[in-house]
Each structure stands twice: as structure tokens, then as C-alpha cells.
Amino acid sequence: SSHPGDDEELTRRAEMNKIRSRHLVLAVNLYHLVCSETASWISQSLDDTGSVGLSRDDLLSYLNGDASNTEMFWYEQCDELLPLVASDTFGIFRAFSPLDLKDLLSKIGETAVAELMNG
């Protein structure tokens, strides 16, 4: 004996879960994009330092040796994303459709190749 309000509540909860899942997938992908683009930008910027008469090491020392100023820091952020998504502790992977998961794995693979080429 279900009440009309029960069905509405179940529908509302299902819709909310779908919205949360979609936003979680978007947030993970956006975080990956920010990390990989930042790594790429820093790498390119450090490579361009020769045009102003500084070496990479000189420039990094001017930046106080802050690890977040290196491309490797940002590549590491990308590398740490996959274990986080795959973790049973957080269950983030449950928000991903098989296609979304395949897309994320592909992006992380591309970033790993870039890391090897720039590292």
C-alpha cells in the first residue's frame, strides 16, 4: 500500500542522486583539466625562461622553491586522482557511467604520457 507522496519522494531522491552524480563527474573532470593544463603551462613557461636570461633552476629559486610552482607537482595531482576515484572509501567511481570512466582513464593516460615527455 504505497501512498502517492512515497512515489514522489522516491522520484525526487532518484533525481537528486542523478544530479549529484553528474556534478561529481564534472568536478573530477574539471579538476583533472585544471591540474593537467597548469602542469603544461608551467612546463612551457619554464622552458621559455631562456629568452629572458634565466635558467629553469634560477626561476624556481626566485619562486622560493614552492613545489606547487613546478609542473611535476601538478602532474602528481593528476596521478593521485585515479586512486581517489577508484577508492571504495569514497565510492566516487559509482557516480561514473562506464563511458565517463573510460573517458577519465583516457585523459589520465594522456596526462601520464605528457608527464613522461616533460619530466
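Please refer to the structure higher up on the page.
Remember, predicted model here, so these are calculated numbers, not experimental data.

Student: So what exactly am I meant to see when it comes to the overall build of the chain here?
Tutor: Scanning the chain from terminus to terminus reveals 4 helices and 0 strands. Scanning the chain from its N terminus toward the C terminus, one meets helices and strands in the order α-α-α-α. On C-alpha atoms alone, the chain measures out to a radius of gyration of 21 Å, which is more than a quarter above the 14 Å that the 2.2 N^0.38 rule sets for 119 residues. Projected onto its principal axes, the C-alpha coordinates of the chain cover approximately 80 × 25 × 25 Å. Of all 119 residues assigned to the chain, the portion counted as buried reaches 24%. The long-range fraction of contacts in the chain, counting pairs at least 24 apart against all pairs at least 6 apart in sequence, stands at 65%. Where the 9 positive side-chain charges of the chain centre and where its 20 negative ones centre are 12 Å apart.

Student: Looking at this structure, I do not really get the pattern of salt bridges. What am I missing?
Tutor: For side chains of opposite charge, pairing can occur when their charged atoms come near one another. Taken as a whole and judged by the stated rule, the model has 4 salt bridges. With its nearest N and O atoms 3.4 Å apart, the salt bridge here joins aspartate 100 to arginine 22. Remark: arginine 22 occurs in helix 1 (residues 4–47) and aspartate 100 occurs in helix 4 (residues 98–118); sequence separation between them is 78 residues. Since its relative accessible area comes to 40%, arginine 22 is described here as partly exposed. Linking aspartate 103 and lysine 107 is a salt bridge whose minimum nitrogen-to-oxygen distance equals 3.3 Å. With aspartate 103 and lysine 107 both in helix 4, this residue pair falls 4 residues apart, about one helical turn.

Student: Sorry, what's going on with the environment of tryptophan 41 here?
Tutor: Along the chain, tryptophan 41 turns up in helix 1. Expressed as a C-alpha distance, the spacing of tryptophan 41 and glutamate 9, which sit 32 residues apart in the sequence, is 47 Å.

Student: Could you clarify how one ought to interpret the side chain of serine 36 in this entry?
Tutor: One can find serine 36 in helix 1. Taking the relative accessible area as the measure of exposure, serine 36 reaches 13% and is therefore buried. Apart from residues lying up to four places away in sequence, serine 36 is in contact with Cys78 and Thr111.

Student: What is the right way to look at the packing of helix 3 (residues 71–86) against helix 4 in this model?
Tutor: Geometrically, a packed helix pair is captured by the angle between its two axes and the distance between the axes. As a packed pair, helix 3 and helix 4 sit with axes 10 Å apart at the nearest point and diverge in direction by 150 degrees. Judged by the inter-axis angle, helix 3 sits roughly antiparallel to helix 4. Crossing of helix 3 over helix 4 shows left-handed handedness. Of the residues in helix 4, those touching helix 3 at Glu71, Met72, Tyr75, Cys78, Asp79, Leu82 and Val85 are Leu101, Leu104, Leu105, Ile108, Thr111, Ala114, Glu115 and Asn118. The residue inventory of the contact of helix 3 with helix 4, partitioned by class, reads 10 nonpolar, 2 polar and 3 charged.

Basis of the calculations
- Residues numbered from 1 in each chain as written.
- Predicted model: local features only at pLDDT ≥ 70, side-chain atom pairs only at ≥ 80, totals over all residues.
- Heavy atoms only, no water.
- Helix = DSSP H or I, 4+ residues; strand = E, 2+ residues; numbered from the N terminus.
- Rg over C-alpha atoms; globule rule 2.2 N^0.38 Å.
- Buried < 20%, exposed > 50% of the residue type's maximum accessible area, 1.4 Å probe, protein only.
- Contact = heavy atoms within 4.5 Å.
- Lys, Arg positive; Asp, Glu negative; His and termini not counted.
- Charge placed at Lys NZ, Arg CZ, Asp CG, Glu CD.
- Salt bridge = Lys/Arg side-chain N within 4 Å of Asp/Glu carboxyl O.
- Axes fitted to C-alpha atoms, helices over the stretch in contact; angles between N-to-C directions.
- Parallel < 35°, antiparallel > 145°, perpendicular 65-115°, else oblique.
- Left-handed = near helix turned anticlockwise from the far one by under 90°.
- Nonpolar A, V, L, I, M, F, W, Y, C, P; charged D, E, K, R; others polar.

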